[in-house]
Amino acid sequence: INRYEQNIKEIGYVDCLDMIQIMNEDAEAINGNSENVCASVKLQFKQEMVFTRQAFRGTLVIENSTSEKLTDISPFINATNEDGILATGHEMQINLESVEGLVETTDGVYSLDGNQMGTFTFLFIPTKFAAPNNDVTYKFGGSLTFNDGNGLKQHTLYPVALLVKSSPDLDL
C-alpha cells in the first residue's frame, strides 16, 4: 500500500482521496458537457525535476475547437506542496513570460479566435525555500476562466507534478 501511495504522490496527487475526487470531477465535466466541448486545455512541462533556484518553463495550451471566439480568457496558475499547501512567492515565483496566438483585450485578459490554438508560457523559479532541507514534489495547476458565448466558465487545470530538489548552500 505504501508503494501505491507513493506512486499517487509522484503523479501529482496529495493522496488517494485527492486522486479520486479530481478524477470524479473530470468525469462529471466530460459527461455533463460532452456535446458542448469548445476547447481543450493542457498544462505541460518538459522536465520532471529541477533544483531550487533553477528557473524552468511551463506552457498552458488552449485549443479552440469551435468556429466561435473565446473571450475573457484569464489563466490562474499555482503550485502546492506535498501537504496541499499553496506556495507563495516566498517558495515559488510564477511569472507569465509570453503569449502566442491569443489577443490581449485588457490587462491580463485575452481572446482566442475560433479554430485556433493559443499558448501561455510561464516562468517558474523555485526559491531556496521551496525545498530548504529535503526534496519536495509540487503540483502545478490552477484554473482557466473563459467565455464561450454561453457565459463565463471556469476550467480546473489537471495538476502536473514536478520534483524540486534541495540545493546546497555554499559558504565562502
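Going along each chain's sequence as written, the residues are numbered from 1 onward. Totals for whole chains, interfaces and linings use every residue, but because this is a predicted model, local features are given only for residues with pLDDT of at least 70 and side-chain atom pairs only at 80 or more, for both listing and counting. Side-chain numbers here rest on the full set of heavy atoms in the structure, without hydrogens or water.

So, the overall build of the protein chain
- Secondary structure counts use DSSP, requiring at least four H or I residues in a row for a helix and at least two E residues in a row for a strand, with both numbered from the N terminus. A tally of regular secondary structure across the protein chain gives 2 helices and 10 strands.
- Listed by position from the N terminus, the elements making up the protein chain come as α-α-β-β-β-β-β-β-β-β-β-β.
- Here a residue-residue contact requires only that any non-hydrogen atoms of the pair lie within 4.5 Å. The long-range fraction of contacts in the protein chain, counting pairs at least 24 apart against all pairs at least 6 apart in sequence, stands at 71%.
- In short, Shrake-Rupley with a 1.4 Å probe defines the accessible areas, and a residue's cover is counted only from the protein chains shown. In the structure as shown, the protein chain presents an accessible area of about 10500 Å², 50% of it carried by carbon and sulfur atoms.

Description of the nonpolar core
- Note on terminology: a nonpolar core comprises buried Ala, Val, Leu, Ile, Met, Phe, Trp, Tyr and Cys residues joined through side-chain atoms within 4.5 Å. Three labels apply to residues, based on accessible area from a 1.4 Å probe with only protein chains included: buried if under 20% of the type maximum, exposed if over 50%, partly exposed otherwise in between. Ranked by internal contacts, the top residues of the largest apolar core, which has 28 residues, are Ile73, Tyr138 and Phe140.
- Elements with a minimum of two residues in this core: strand E1 (39–45), strand E3 (56–64), strand E4 (70–80), strand E7 (109–112), strand E8 (117–126), strand E9 (136–147) and strand E10 (152–165).
- Considering every element that reaches this core, the biggest residue donor is E9, with 5 residues.
- With residues near it in sequence (within four places) discarded, Tyr138 still touches Ala79, Thr80, Asn81, Ala87, Glu91, Met92, Ala130, Val160, Ala161, Leu162 and Val164.

Looking at the pattern of salt bridges
- The working definition used for a salt bridge is a side-chain nitrogen of Lys or Arg within 4 Å of a carboxyl oxygen of Asp or Glu. Under the definition given, this model contains 4 salt bridges.
- Put simply, Lys165 and Asp135 hold a salt bridge, and the shortest N to O gap is 2.7 Å. Taken as a pair, Lys165 in strand E10 and Asp135 in the loop between E8 and E9 lie far apart in primary sequence, 30 residues in all.
- Exposure remark for Lys165: the relative accessible area of 24% places this residue in the partly exposed category.
- Residue classification places Asp135 among the partly exposed residues on the basis of a relative accessible area of 34%.

Looking at the confidence of the model for the protein chain
- Looking at the protein chain as a whole, its pLDDT mean stands at 83, while 80% of the residues score no less than 70.
- Residue-level confidence of the predictor is what pLDDT reports, using numbers from 0 through 100. Averaged pLDDT values for the elements of the protein chain fall to 61 in helix H2 (residues 16–33) and rise to 96 in E7.
- Confidence over residues 29–37 falls short of pLDDT 50; this stretch has 2 contacts with residues more than four positions distant or in other chains.

Comments concerning the environment of Lys69
- As for its position among the elements, Lys69 is in the loop between E3 and E4.
- Accessibility expressed as a relative area gives 43% for Lys69, which makes it partly exposed.
- A C-alpha to C-alpha distance of 9.1 Å links Lys69 and Gln116, two positions 47 residues apart in sequence.
- Excluding residues that lie within four positions of it along the chain, Lys69 makes contacts with Asn64, Ser111, Leu112, Asp113, Gly114 and Asn147.

Topic: the packing of aromatic side chains
- Pairing of aromatic rings covers Phe, Tyr and Trp, the last through its six-membered ring, and needs centres within 6.5 Å; plane angles under 30 degrees mean stacked, over 60 mean edge-to-face, and all others mean tilted. Within this structure, the stated rule accounts for 7 aromatic pairs.
- With a centroid separation of 5.2 Å and 10 degrees between ring planes, the pair formed by Phe56 and Phe124 is classed as stacked. Of this pair, Phe56 sits in strand E3 while Phe124 sits in strand E8; the two residues are 68 residues apart in sequence, bridging distant segments of the chain. Side by side, Phe56 and Phe124 carry an identical accessibility label, which is buried.

Here we look at the pairing of E9
- Within E9, 11 of the 12 residues are buried, which leaves the element mostly enclosed by the surrounding structure.
- Here E4 pairs with E9 via 8 bridges, running antiparallel. Bridging from a neighbouring strand, Ala79 pairs with Phe140 of E9.
- Here E9 hands over to E10 after 4 residues, with Gly149 in that stretch at a positive phi of 95 degrees. Pairing between two strands is assigned when DSSP locates at least 2 bridges connecting them.

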